[in-house]
Amino acid sequence: MDNLLQKLLPMQPLASVEGRDNDTLMYLIHGLVLILFVGWAIYYVVVLIKFRATKNSKAVESHTAHQISSYVEWFVVVAEILLLFAFSIPFWAVHQAGMPTGKDILQVRVVAQQFAWNVRYAPSGKFGRSSARFLDDNPMGLDPNDPDNKDNITTMNQIYLPIDKTVLITLTSKDVIHSFGLPAMRVKQDVIPGMTTHVWFTPNKLGSYEIACSQLCGVGHYRMRGIVNVVSQSDFDQWIAQNKGIHD
Amino acid sequence: MSGTHDPAHHDPSHSDSSHHHQQSFWSQYVFSTDHKIIGIQYLFMSLFFLFFGFCLMLLMRWQIAYPGHPLPFIGKLFGEHNMPGGIMMPQFYNQLGAMHGTIMVFLGVVPLGFAVFGNYLIPLQIGAKDMAFPRLNMFSYWSFLVGGLLMLSSFFLPCGAASNGWTSYSPLSDIAHDGQTIWLFSMAIIIISSLLSSLNFITTIFQLRAPGMTFERLPFFIWAQLITAFLLLLAFPPLEGAAFLQLCDRLLGTSFFLPSGLFVNGHVYDVSGGGNALLWQHLFWFLGHPEVYVIILPALGIVTEIIACNTRKNISGFGMMRWSIIFLGFLSFVVWSHHTYLTGMGTNITAFFQTTTMIISIPSVIIISALFITLWGGSIRFNLPMLFALAFLPMFGFGGLTGLPLGLAATDIPLHDTYYVIGHFHYVVAPGVVLGLFAGIYYWFPKATGRKMNDFLGHLHFWPTLITMNFVFFPMLIQGLMGLNRRMYDGGATYNFAHGVLFWNVIISWSAFIMFLAQLPFIFNFFYSMFNGEKVDSDNPWHSATLEWATPTPPGHGNFTKPITVYRDPYSYSLEGAPKDYSPQDQKEI
Ligand code: HEM
Ligand SMILES: [Cu+2]
Ligand SMILES: [Cu+2]
């Protein structure tokens, strides 16, 4: 079933837990599109052949067609109400506007700039101060005097995540609007200067996935690419241990 | 069709009803206040802009299909700065993209649908001599021309044209080079032109209807223009205001759209800050969404006229259609934030906007269904205008349907800003609206010139255009589902995930190039038929019931040769007991 749908609607193989619901809605809404379009198309071909002037020289009013079309309209209304209230609105409440629940969450901060993603980890679990004043010294403006920053790891365009662990990514931008698009996880979120936004998901497949900047941000927009590496918990712990306090 | 010669064929040379003084060439054809001449002036310019915008896209399509390969033959003509050695630079690509969108929307499709057909047909279809404010009308045209040419001229700036998308989001646009300043000035002028036109159209429709032309007897096209005019009138001022604010940010050091603490290109950006980047998006889309209906409604009106005439039937559910577009007009002001779902909007506000977006799909379904049902029982004539109108329905319908996944906020997450969006709205605007507008040109050409456009060339235009358009836009939906983003200078080659769908880029681009060839028969046909086309033997060659066909061909200054009174509904076709299968609105006996 999944394979068949995958063929009909070519999306990237899903790599997160939460994306499943999104895919379900994607299939359903395209099912509705398909039904309506095919239904109309069949009607259209029939009507154009049946009532061509060379065959039907005199136009006549008809009432059965009216009846049928009002059924179609009601069908559309009901289908849309269902998709909205049973799927789209709850999905948004939980996954886009909502925050992950539970304690065992990895927090990562991402600061976007023309044309790169700066990534920051706080292995101790505590992010120290950062400020624009220090942007000249380091790309994320970490305050060198704050002890909480000592063990921070910063990377550029590379995010490491342990599999099966929910991650909450906090997004800010230094310059213009970017958008953090990670299609394999079915997440996307604008990154807007002057605002803080979030994405969260639970990766459930090992591998590397591409982050594609999804908002025109200047000449380098097309190559503003990042990588999310989903690794095993032990590989992740090892990576953290090796890189503690390293900024690049 | 009965082959009888229409007895009421006027000879235009004797039909100068209003006894005007001899006019000089300049005041008759250049600085004219006649709504028909102004309509035709708009026609030439908007077709030119449409063609220009299309050519920009063809350049981009080369780069998308063959990133980094020199454009053969003409590549070097664009200068060392834009295309060194014929290879397109990213900065130039972004200029082309922004200008394609801007030109197509504001200088091509909207003027063609609203200003061309509105100007030419509103007075004719309501039985008036001219617009309510003819000189204001002339001013609208000239400000449109100035704004449009100013927009094009920005390509000749050393820094080039605006390059921030047709949406011009802040802060990118605030900090961009001077092309953006010209974009803002041109937009301000174009907006003034639109505002004046819409005032004029509204006043004309309310004040100058012939006796007996009640609102119920107005053709659907007039209703569509009326709603369009109201949309422009109410939606454009916020964008005009926003454009001035962005100009202030750029020229006067204000920071309406600039938050504090920006750090651009390795430096603190020296402005006071405190502004809001999102404010621009809301002001822009408050126009931007109604603008979608400004694009659609005139074409919908045109197609309705043509379908009624060529099925020889009244429009089924005409009353419902009128209520539907009124409802649509109101609703179009409360859906704009479906363009900003991913800016961090909360659950309630997205719930509101996705609900309104789903609601607005219902009147659209009703309108399309009404047109579909009209066909049932009709006596369908497949002439050229009708072919284009018949292609409009399913293409436009498909465009509308692919809007549903974008309207649901949840499925918009993966689709937003991908080629899926490009595929969706181009189905609406290109195989939809543009074909509808072509239908109008083929349909009213005989009224304006007294000659028909050539049938064979028309088919040579229609079929390849319809087919290639689908090869251009359908694959974009597939690419978008795969996650391929729009506005990509290299067509997405940077991304591994896109590699499976990149081969479509070549197919799309070559289809677009063939589509270019398919426009040549139209261009030739248009100019050739103006002077050499087959002459029509009647003022009413399609045997239509609406008023514009009661004028001489072409209509002279002042339009009608006798006072007009309206006796019946616009689509009085195949009436019971009538001698012919059409009963003109201005004839007392059926
Ligand atoms: C029929 C031929 C057309 C073709 C082949 C075409 C193709 C395209 C493509 C490929 C893009 C995406 C470019 C990118 O993301 O880098 C685009 C963008 C766009 N097109 Fe078209 N288009 C056509 C006609 C139209 C028409 C008739 C309209 C308007 C009514 C239009 C309005 C737009 C707009 C608003 C954009 C977005 C520009 C932006 O990114 O800011 N196009 N077009
Ligand atoms: Cu970007
Ligand atoms: Cu919209």
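As the structure is a prediction and not an experimental result, all values here were calculated from the model.

Visitor: Got a sec to walk through the overall build of chain B? Specific residues and values, please.
Guide: When its secondary structure is counted, chain B shows 16 helices and two strands. At 24 Å, chain B has a C-alpha radius of gyration in line with the 25 Å of a compact globule built from 590 residues. In terms of overall dimensions, chain B has a C-alpha envelope of 80 × 55 × 50 Å along the principal axes. Residues classed as buried in chain B amount to 66% of the 590 residues present. The long-range share in chain B, meaning contacts at least 24 apart out of those at least 6 apart in sequence, stands at 78%. If you sum the accessible surface of chain B, you get close to 20000 Å²; carbon and sulfur atoms cover 69% of it. Taken as two groups, the 22 positive and 27 negative side-chain charges of chain B have centres that lie 7 Å from each other.

Visitor: Describe the sheet that holds strand 2 (residues 116–121) of chain A, listing the residues and the values that go with them.
Guide: Residue and element names in this part refer to chain A. The sheet built from five strands is open, its strands ordered 3-2-1-5-8 with mixed pairing. Every interior strand has two partners, whereas the edge strands, strand 3 (153–156) and strand 8 (197–201), have only one. Neighbour to neighbour, the strand axes of the sheet diverge by 25 degrees on average, direction disregarded. As paired strands, strand 1 (residues 106–113) and strand 2 are joined by six bridges and run antiparallel to one another. The residue bridging valine 111 from the neighbouring strand is asparagine 118, located in strand 2. Packed on one face of the sheet, helix 4 (residues 233–243) meets strand 1, strand 2 and strand 3 and runs near 105 degrees to strand 3.

Visitor: Tell me about the sheet that holds strand 6 (residues 178–182) of chain A, and please be specific about residues and values.
Guide: All names here are of chain A. Spatially, 4-10-9-6-7 is the arrangement adopted by the five strands of the open sheet, whose pairing is mixed. One side of each edge strand has no neighbouring strand; the edge strands of this open sheet are strand 4 (158–162) and strand 7 (187–191). Shown here is a sheet whose adjacent strand axes are inclined to one another by a mean of 20 degrees, direction ignored. Where helix 4 meets the sheet, it contacts strand 4 and strand 10 (225–231), and its direction lies at approximately 130 degrees from that of strand 4.

Visitor: Summarise the packing of aromatic side chains; cite the residues concerned and give the values.
Guide: Residues and elements named next belong to chain B. Applying the stated criterion across every chain yields a total of 70 aromatic pairs over all chains. Measuring from centroid to centroid gives 5.0 Å for phenylalanine 31 and tryptophan 142, while their planes differ by 25 degrees, and the two rings are stacked. One end of the pair, phenylalanine 31, is in the loop between helix 1 (25–30) and helix 2 (35–65); the other, tryptophan 142, is in helix 5 (residues 134–153), with 111 residues separating them in the sequence. Residue classification places phenylalanine 31 among the partly exposed residues on the basis of a relative accessible area of 42%. A relative accessible area of 25% means that tryptophan 142 is categorised as partly exposed. Arranged with centres 5.1 Å apart and planes meeting at 80 degrees, the rings of tyrosine 42 and tyrosine 141 form a pair that is edge-to-face. Taken as a pair, tyrosine 42 in helix 2 and tyrosine 141 in helix 5 lie far apart in primary sequence, 99 residues in all. Like tyrosine 42, the residue tyrosine 141 is buried in the burial classification.

Visitor: An account of the side chain of B:Ser197 is needed here, citing residue identities and associated values.
Guide: Residue and element names in this part refer to chain B. In this fold, serine 197 is placed in helix 6 (residues 179–207). Take serine 197: its relative accessible area is 2%, and that puts it in the buried class. Setting aside its immediate chain neighbours within four residues, serine 197 contacts Tyr42, Phe114 and Ser140.

Visitor: Run through the coordination of the copper ion (ligand 3), naming residues and quoting values.
Guide: Residues and elements named next belong to chain B. The protein atoms that coordinate the copper ion (ligand 3) are His289 (ND1), His338 (NE2) and His339 (NE2), at distances spanning 1.6 to 2.1 Å. For the copper ion (ligand 3), all donor residues lie on one chain, and their spacing in sequence is H-x48-H-H. Here histidine 338 lies in the loop between helix 9 (318–331) and helix 10 (347–375) and histidine 289 lies in helix 8 (residues 277–311), a separation of 49 residues in the sequence. Assigned by exposure class, histidine 289 and histidine 338 land together as buried.

Visitor: An account of the site of ligand 1 is needed here, citing residue identities and associated values.
Guide: Residues and elements named next belong to chain B. Near ligand 1 lie 27 residues; those nearest to it are Tyr93, His100, Trp166, His426 and Arg487. The side chain of tyrosine 93 places a nitrogen or oxygen atom 2.5 Å from an oxygen atom of ligand 1. Arginine 487 places a main-chain nitrogen or oxygen 2.5 Å from an oxygen atom of ligand 1. When contributions to the shell around ligand 1 are tallied by element, the ones reaching two or more residues are helix 2, helix 4 (90–126), helix 14 (419–449) and helix 15 (455–481). Looking at the shell around ligand 1 residue by residue, the classes come out as 19 nonpolar, five polar and three charged.

Visitor: Kindly report on the pattern of salt bridges, identifying the contributing residues and their values.
Guide: Residue and element names in this part refer to chain A. Across all of its chains, the model carries ten salt bridges over all chains by this definition. Here glutamate 210 and arginine 225 are joined by a salt bridge, their closest N and O atoms 2.7 Å apart. Of this pair, glutamate 210 sits in strand 9 (residues 207–213) while arginine 225 sits in strand 10; the two residues are 15 residues apart in sequence, bridging distant segments of the chain. A relative accessible area of 27% places arginine 225 in the partly exposed class. Sharing partners across several salt bridges, the network here consists of Arg129, Asp143 and Asp146.

What counts, and at which threshold
Residues numbered from 1 in each chain as written. Chains lettered and ligands numbered in written order. Predicted model: local features only at pLDDT ≥ 70, side-chain atom pairs only at ≥ 80, totals over all residues. Heavy atoms only, no water. Helix = DSSP H or I, 4+ residues; strand = E, 2+ residues; numbered from the N terminus. Rg over C-alpha atoms; globule rule 2.2 N^0.38 Å. Buried < 20%, exposed > 50% of the residue type's maximum accessible area, 1.4 Å probe, protein only. Contact = heavy atoms within 4.5 Å. Areas by Shrake-Rupley, 256 points an atom, 1.4 Å probe, with all protein chains shown as cover. Lys, Arg positive; Asp, Glu negative; His and termini not counted. Charge placed at Lys NZ, Arg CZ, Asp CG, Glu CD. Pairing = 2+ DSSP bridges. Axes fitted to C-alpha atoms, helices over the stretch in contact; angles between N-to-C directions. Phe/Tyr/Trp six-rings, centres within 6.5 Å; stacked < 30°, edge-to-face > 60°. Donors = N, O, S within 2.8 Å, 3.2 Å for Na, K, Ca; no water. Near = heavy atom within 4 Å. Polar contact = N/O pair within 3.5 Å; in protein donor to acceptor, adjacent residues only side chain to side chain. Nonpolar A, V, L, I, M, F, W, Y, C, P; charged D, E, K, R; others polar. Salt bridge = Lys/Arg side-chain N within 4 Å of Asp/Glu carboxyl O.

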